[in-house]
Amino acid sequence: MSDTPLIELKNVTRLFRVGGGIFSKPTFIKAVDNVSLQLHEGETFSLVGESGCGKSTLGRIMLGLLKPTYGQVLFRGKDIWRMSKKEFMEFRRNAQIIHQDPYDALNPMRTVYDSLAPPLLRYRIARNHDEAREAVCKLLETVGLSPPEDFLKRHPSRLSGGQMQRIAIARAISVQPSFVLADEAVSMLDASLRINIINLLLELKDKLNMACLFITHDIDMARYFTRSGRVAVMYLGSIVELGKIDDIIDNPLHPYTDVLISVTPVPDPKVAKSSELPPLRSLEIPSLTNPPSGCKFHTRCPYAKDICEKEVPELREIQPGHFVACHFSK
Amino acid sequence: MPQEDKPQVQISIRGLTVEFRVPRGVLRAVDNVDLDIYRGEVLGLAGESGCGKSVLAHSLLKIVDPNGYIKSGKIIFDNKIDILSLSEDELRKFRWKKIAIVFQGAQSALNPVMRVQEHFLDTFLAHESESDKEKILSRSADLINKMRLDSERVLRLFPHEMSGGMKQRTIAALGLLLNPEFLILDEPTSSLDVLTQKYILKLLRDLHEQTGLTMLFITHDLATLAEIAERIAVMYLASIVEIAPVEELFYNPKHPYTQVLLKALPSRKKSIDEIKPLPGPLPDPVNPPSGCKFHPRCSYAMPICKKVRPKLIDLGNGCQVACHLYGGTKE
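Since we're looking at a predicted model, the values are computed, not measured. (Residues numbered from 1 in each chain as written. Chains lettered and ligands numbered in written order. Predicted model: local features only at pLDDT ≥ 70, side-chain atom pairs only at ≥ 80, totals over all residues.)

J.: Outline the overall build of chain A, supporting the account with residue identities and numerical values.
T.: If you tally the helices and strands in chain A, you get 13 helices and 12 strands. What you see for chain A is a C-alpha radius of gyration of 21 Å, in line with the 20 Å of a compact globule of 330 residues. Taken over the C-alpha atoms alone, chain A extends approximately 70 × 55 × 45 Å along its principal axes. Within chain A, the proportion of its 330 residues that are buried is 47%. (Helix = DSSP H or I, 4+ residues; strand = E, 2+ residues; numbered from the N terminus. Rg over C-alpha atoms; globule rule 2.2 N^0.38 Å. Buried ≥ 20, exposed ≤ 12 C-beta atoms within 10 Å, placed from the backbone.)

And the structure:
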């Protein structure tokens, strides 16, 4: 690992305005609340949490698609929101995204070639259409779509979900990024296809030495993707636990992480049929417009005490490399 | 679990074939399927997208997309009702009262400009002559409460005011409105996150325990079936390749396709190396492979697999498999 992180978030907070008109006062929700994070070159990292916990917002901030309300985003040590236009464009080339829904991510009116060629031409990776065609064919082979000539002229309507996701991956890696964000990139796919797509991503990551951030609600998927890397668990905009994936699965220190692990389905009928619901005090996730005071998890936490209502727990290093934001972790 | 005394067949499907006209020819979505569903069981129907599992389930209500048609076969309900020969009028009375369905994609199954209570009223009035609004609403409220939602509030909400989990539970309640004997659940949990998914599975399990309602649970995710199903049928390219009690299917899978499906499931109980991707690409469903449709992807393929389509054979213990490895190729 080099000393300067590839991407660093420093106390990033993002507010969104909801409601409010000409006469009524708007309210703000904190989608991301004071998050600091470092992602290194070539690292695999997973971000895990329920829907609405702010994990996708955080991802979009890391890509420079959203500006944080407070805090800084550094790319190789440089604040991306103070970059010159040229530097920012270079950063955008370096940070790519694979969207959740391959059906929405590709323009239905464009053929595969028309989706893949423009970025190559724009960033001068190919100088003309002949070179672009050759590069696109190579890309298609890289993502396992062969023979590539078969796919060049196809429209998305003639591709399966897995094939579309492969095209989306091809597009993301086409501009030789150093960072790829996979935002629930496999959750729309068949359970049986997910492993194939993750394997492809991991293979490309090694080959191109990219850092990969994987956003998911499924901790087993995160484990398969992350391997020896790190994972952060998010709850209502904050990171509640951070560490090596195996440490977190074997020894979850935050009660919320424990819940997330316990509800992930186990493909074993004896275990699954005897499993109980987690001892949560409430199923519904609290509203972001009026988040709970103190530790945001206290309204659902089975172990909550008085202090949890009053004080916000800090993210502390409990074991080497294993951080937790809970008053009771030791 | 199937009871000791002989389980009663509630739905019997014989030789069902459903085809679709597509620009490139004819796509056979369900290919000569035989299946018995027993009263009071939870049967899981698993397979990759496009394998025909939803088409098969929709046929139970004689619902087929406009470009499709039921080519042949019989579906008998309760030993007496021949579903495929019912007229539109008879079907209206049959659907929802005998067999109800919770469609895939809860997010879009509700009308965005109607409040929840109007959905309940509409559904009831479309199938029953009862017109006492209060009665219908109190029954609706009961069902919604059963799903652990606050009926007072939920009945007055518009779909956009609810979260995905709330919508999914509301739709399940709607499916139960006319007290059906058979409930089809088409991917009821796939678009939800793990926590909500867990709660909905638990609700359905409790509901099954309390009412003994027969359920057909369709999903591409075998892991969810481990939790809810008693028996599982696995489909591959329009055919059923294996039927087995849930524990038998998970601990002792017979068909090579079931075996690779299970290996592709990630789980923290397995080491990373035990998790294997599916081999080869899914063949074109318009021109499926000859013989056993799985043979191009199968690591045990023999010469016969290319030529002869294997039939479902009974291996005892409630297990059936369509694979030449288990014999039964005389025909």
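J.: How would you summarise unusual backbone geometry if you had to cite specific residues and measurements?
T.: Non-glycine residue N209 of chain A carries a positive phi angle of around 50 degrees. Tracing the backbone through its elements, the reader meets N209 of chain A in the loop between α8 (191-208) and β8 (211-216). Of the residues examined, N209 of chain A has 10 C-beta atoms within 10 Å and is grouped as exposed. One non-glycine residue with positive phi stands out, namely A238 of chain B, at about 80 degrees. With respect to the helices, strands and loops of the structure, A238 of chain B is situated in the loop between β9 (231-236) and β10 (239-245).

J.: Can you break down the sheet that holds strand β12 (residues 319-321) of chain B residue by residue, with the values?
T.: Residues and elements named next belong to chain B. Taken in spatial order, the 8 strands of this open sheet run β6-β7-β8-β3-β9-β10-β12-β11, and their pairing is mixed. Of all strands in the sheet, those with a lone pairing partner are β6 (99-102) and β11 (313-316), marking the two edges. Direction aside, neighbouring strands of the sheet carry axes that sit 20 degrees apart on average. Here 5 bridges tie strand β3 (residues 42-46) to strand β8 (residues 214-219), and the two strands are oriented parallel to one another. What sits directly across from L45, in β8, is I218. (Pairing = 2+ DSSP bridges. Axes fitted to C-alpha atoms, helices over the stretch in contact; angles between N-to-C directions.)

J.: Quick one: what's the story with the interface of chain B and chain A, residue by residue and with numbers?
T.: Listed by partner, the interface residues are 30 residues for chain B and 31 residues for chain A. Contributing elements (two or more residues each) for the side of chain B that touches chain A: α8 (194-211), α9 (222-228), α10 (246-251) and α11 (256-263) of chain B. Split into classes, the residues belonging to the side of chain B that touches chain A amount to 17 nonpolar, 4 polar and 9 charged. (Contact = placed C-beta atoms within 7 Å. Nonpolar A, V, L, I, M, F, W, Y, C, P; charged D, E, K, R; others polar.)

J.: So what about the packing of helix α4 (residues 112-122) of chain A against helix α7 (residues 161-174) of chain A? Which residues, and what values?
T.: All names here are of chain A. α7 packs onto α4 with a crossing angle of 15 degrees between their chain directions and a minimal axis gap of 9 Å. Of the possible angle classes, the one that applies to α4 and α7 is roughly parallel. In this structure, the crossing between α4 and α7 has a hand that is right-handed. Contacts from V112, S115, L116, P119 and L120 in α4 reach I167, A170, R171 and S174 in α7. Here the contact of α4 with α7 is built from residues that sort into 6 nonpolar, 2 polar and 1 charged. (Parallel < 35°, antiparallel > 145°, perpendicular 65-115°, else oblique. Left-handed = near helix turned anticlockwise from the far one by under 90°.)

J.: Which residues make up α11 of chain B, and what values go with them?
T.: With 6 of 8 residues buried, α11 of chain B lies mostly within the body of the structure. Listed in full, the buried residues belonging to α11 of chain B are P256, Y257, T258, V260, L261 and L262 of chain B. As for α11 of chain B, its buried residues are in contact with α8 of chain A together with α9, β9, β10 and α10 of chain B.

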